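Residues per chain, in single letters:
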Amino acid sequence: MSVDDINARGLVLLGCGKMGSAMLEGWLAKGVRPDAVSVIDPYPSRRLEELTTQGLRLNPDSVGDPAVCVLAVKPQMMEDALPQIGDMAAGGTMFLSIAAGTPISFFERMLGTKAVIVRAMPNTPAAVGRGITALVGNANADATVLDLADELLRAIGQTVRLEDETQMDAVTAVSGSGPAYVFHLIETLAAAGEAEGLPPEMAMALAKATVGGAGELAEQATESPDELRINVTSKGGTTAAALQVLMNEADGFPPLLRRAVKAAADRSRELGA
Ligand SMILES: NC(=O)C1=CN([C@@H]2O[C@H](COP(=O)(O)OP(=O)(O)OC[C@H]3O[C@@H](n4cnc5c(N)ncnc54)[C@H](OP(=O)(O)O)[C@@H]3O)[C@@H](O)[C@H]2O)C=CC1
Ligand SMILES: O=C(O)[C@@H]1CCC=N1
């Protein structure tokens with residue numbers, strides 16, 4: 001699905017809160033025209049209202065037969081929200097659900113077995129083109145459809161294809177929710193810097209740049225993250241002292257993150273039950 005296809009046939013967002021807006025910003029930055037976008041959302045943000053001056057349509061009476069309809073309301077709201085897209089499923093629209101937990105079978109029940117459905121799990125760095133989205137399609141989403149979905153999602157970052165929908169719970173727990181863990185790492189690293197005597201603004205600047213820079217290095221370097229970690233760690237030095245705390249198998253990062261990721265994956269499974 002190229003930006004040209006979207007601009008020709010249109011894109012509808014059912015729900016445009018934090019994640020829908022992050023994706024929309026990424027697509028607009030890649031050349032999707034605001035006048036190709038319709039948003040259905042009862043309380044649109046000020047940003048969406050501003051975009052109406054560039055042609056974005058808010059809660060229009062009819063959305064026609066768009067190329068893509070992104071389903072971006074909370075899982076708990078999905079059943080109530082879906083009737084608003086009318087009989088779009090009768091046309092050639094690709095439905096792209098980003099709802100955590102909600103299985104493809106739910107959408108097939110709601111939209112009919114002929115609907116072309118792609119279930120995806122993006123994350124909020126999509127707003128700056130640095131997201132990662134995992135995707136899997138239903139039986140109607142053939143290789144061409146999945147390639148098109150992949151192309152659309154690559155406009156907001158990287159993509160991975162899942163072999164099996166059941167992998168989506170773990171994906172959600174790692175990369176869907178993951179940015180929140182990293183933001184919390186930034187918050188707590190800055191707070192720890194403050195506790196060691198740094199002014200708050202400086203501590204926050206150091207924490208943000210360290211997490212951002214380390215993430216970029218981990219993606220660009222040929223070395224693996226464990227090699228990059230070893231490169232920072234001088235024998236008998238400061239990093240080794242910190243890693244003795246963080247890498248502790250009893251109460252360091254490994255058991256803590258294992259528990260956190262399991263809690264998220266379990267919640268994703270619960271949402272789908
Ligand atoms: N946030 C994230 O990082 C990620 C979220 N997701 C998924 O994205 C989806 C949206 O999450 P998120 O953006 O965080 O949630 P938000 O609550 O920020 O966004 C949902 C939007 O849908 C609106 N809405 C509520 N009811 C309806 C309705 N009946 N019709 C149309 N719109 C409606 C909400 O309006 P109002 O606020 O007024 O209720 C809100 O603007 C969820 O399914 C979530 O699982 C997936 C990956 C990452
Ligand atoms: O917290 C949530 O349920 C959603 C899904 C992944 C990120 N946010």
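None of these values were measured; they are calculated from a predicted model.

What counts as what
Residues numbered from 1 in each chain as written. Chains lettered and ligands numbered in written order. Predicted model: local features only at pLDDT ≥ 70, side-chain atom pairs only at ≥ 80, totals over all residues. Heavy atoms only, no water. Helix = DSSP H or I, 4+ residues; strand = E, 2+ residues; numbered from the N terminus. Contact = heavy atoms within 4.5 Å. Areas by Shrake-Rupley, 256 points an atom, 1.4 Å probe, with all protein chains shown as cover. Pairing = 2+ DSSP bridges. Axes fitted to C-alpha atoms, helices over the stretch in contact; angles between N-to-C directions. UniProt positions renumbered as here; feature names shortened; annotations may be inferred. Near = heavy atom within 4 Å. 1 Å grid on protein atoms, 1.4 Å probe; cavity = no way out; pocket = protein on both sides within 12 Å on 5 of 7 lines; lining within 4 Å. Sits in = over half its atoms within 2 Å of the grid points. Patch = residues over 30% accessible without salt bridge, like charges linked within 9 Å, V, L, I, M, F, W, Y side chains within 5 Å. Salt bridge = Lys/Arg side-chain N within 4 Å of Asp/Glu carboxyl O. Points joined across faces, edges and corners; volume = space filled by probe spheres on them. Nonpolar A, V, L, I, M, F, W, Y, C, P; charged D, E, K, R; others polar. Buried < 20%, exposed > 50% of the residue type's maximum accessible area, 1.4 Å probe, protein only. Core = buried A, V, L, I, M, F, W, Y, C linked by side-chain atoms within 4.5 Å. Domains from an automatic or database assignment. Buried area = accessible area lost by both parts, 1.4 Å probe. Polar contact = N/O pair within 3.5 Å; in protein donor to acceptor, adjacent residues only side chain to side chain.

**Structural notes on the overall build of the chain**
Move 1: Within the chain, the secondary structure is distributed over twelve helices and eight strands.
Move 2: Seen along its three principal axes, the alpha-carbon backbone of the chain occupies a region of about 65 × 40 × 35 Å.
Move 3: Across the chain, every contact between residues at least 6 apart in sequence was considered, and the portion connecting residues at least 24 apart equals 61%.
Move 4: Total accessible area on the chain is roughly 14900 Å²; 56% of this is exposed by carbon and sulfur atoms.

**What to know about the sheet that holds strand E4 (residues 68–71)**
Move 1: The eight strands lie next to each other as E3-E2-E1-E4-E5-E6-E7-E8, forming an open sheet whose pairing is mixed. Because the sheet does not close on itself, it has two edges, and the strands there are strand E3 (57–58) and strand E8 (157–161).
Move 2: Summarising the sheet, strand E5 (residues 94–97) and strand E6 (residues 116–121) pair through four bridges and their orientation is parallel. Across the sheet, Phe95 pairs through a bridge with Ile117, a residue of E6.
Move 3: Helix-sheet contacts for helix H6 (residues 143–154) involve E4, E5, E6, strand E7 (131–137) and E8, and the interaxial angle to E8 is about 150°.

**Side note on the UniProt feature "domain: Pyrroline-5-carboxylate reductase catalytic N-terminal" (unreviewed entry) in the chain**
Move 1: When the UniProt feature table is mapped onto this chain, "domain: Pyrroline-5-carboxylate reductase catalytic N-terminal" (unreviewed entry) is found at residues 13–101.
Move 2: Counted over residues 13–101, helix gives 25% and strand 18%. Its end C-alpha atoms are 19 Å apart.

**Re the site of ligand 2**
Move 1: In the vicinity of ligand 2, the contacting residues are Ala100, Gly176 and Ser177.
Move 2: Considering ligand 2 on its own, with 240 Å² of exposed area, one finds that the protein chains cover 45% of that surface.
Move 3: In this structure the site holding ligand 2 corresponds to the second largest pocket.

**So, a nonpolar patch on the surface**
Move 1: There is a patch of nonpolar side chains on the surface, built from Leu185, Leu189, Leu246, Met247, Phe253, Leu256 and Leu257 and spanning about 570 Å² of accessible area.
Move 2: Looking at the nonpolar patch, the elements that each hand over two or more residues are helix H8 (178–195) and helix H12 (253–272).
Move 3: In terms of residue count, H12 provides more of the nonpolar patch than any other element does, three residues in total.

**Some remarks on the layout of surface pockets**
Move 1: The calculated volume of the second largest pocket comes to roughly 910 Å³.
Move 2: What lines the second largest pocket is a set of 35 residues, and nearest its centre among them are Met19, Ala72, Val73, Lys74 and Pro75.
Move 3: Contributing elements (two or more residues each) for the lining of the second largest pocket: helix H2 (18–29), helix H4 (78–81), helix H7 (168–176), H8 and H12.
Move 4: With four residues, H12 is the largest single contributor of residues to the lining of the second largest pocket.
Move 5: Partitioning the lining of the second largest pocket into residue classes produces 19 nonpolar, eleven polar and five charged.

**Focus on the UniProt feature "binding site: NADPH" (unreviewed entry) in the chain**
Move 1: Feature annotation in UniProt assigns "binding site: NADPH" (unreviewed entry) to the following positions: Asn59.
Move 2: The residues contacting Asn59, other than those within four sequence positions of it, are Val39, Ile40 and Asp41.

**Brief notes about the pattern of salt bridges**
Move 1: One pass over the structure, following the stated rule, counts twelve salt bridges.
Move 2: A salt bridge links Lys262 to Asp266, with the nearest nitrogen and oxygen atoms 2.8 Å apart. Separated by four residues within a single helix, Lys262 and Asp266 lie in helix H12, roughly one turn from each other.
Move 3: A residue is classified by how much of its surface remains accessible, and Asp266, at 28% relative accessible area, is partly exposed.
Move 4: Linked by salt bridges that have partners in common, Asp147, Asp150, Arg154 and Arg161 make up one network.

**Details of the nonpolar core**
Move 1: Grouped together as the largest cluster of nonpolar side chains are 36 residues, with contacts concentrated most on Leu24, Trp27, Val68 and Val118.
Move 2: Every element with two or more residues in this core is listed here: strand E1 (11–14), H2, strand E2 (37–40), helix H3 (46–51), E4, E5, E6 and H6.
Move 3: Among the elements that make up this core, the one with the highest residue count is H2 (six residues).
Move 4: Apart from residues no more than four positions distant in its own chain, Leu24 is found in contact with Leu13, Cys16, Val37, Leu48, Leu51 and Leu56.
Move 5: Among the nonpolar cores identified, the runner-up in size contains 27 residues, and Ala81, Met88, Ala89 and Met168 belong to it.

**Details of the domain arrangement of the chain**
Move 1: As assigned here, the chain comprises domain 1 (3–168) and domain 2 (178–272).
Move 2: In total, about 640 Å² of surface goes out of reach between domain 1 and domain 2, with carbon and sulfur atoms giving 45% of it.
Move 3: Inspection of the domain 1/domain 2 interface yields two salt bridges.
Move 4: Counting the contacts that link domain 1 with domain 2 gives three residue pairs in polar contact (both at pLDDT 80 or more).
Move 5: For the side of domain 1 that touches domain 2, the class distribution of residues is four nonpolar, five polar and one charged.

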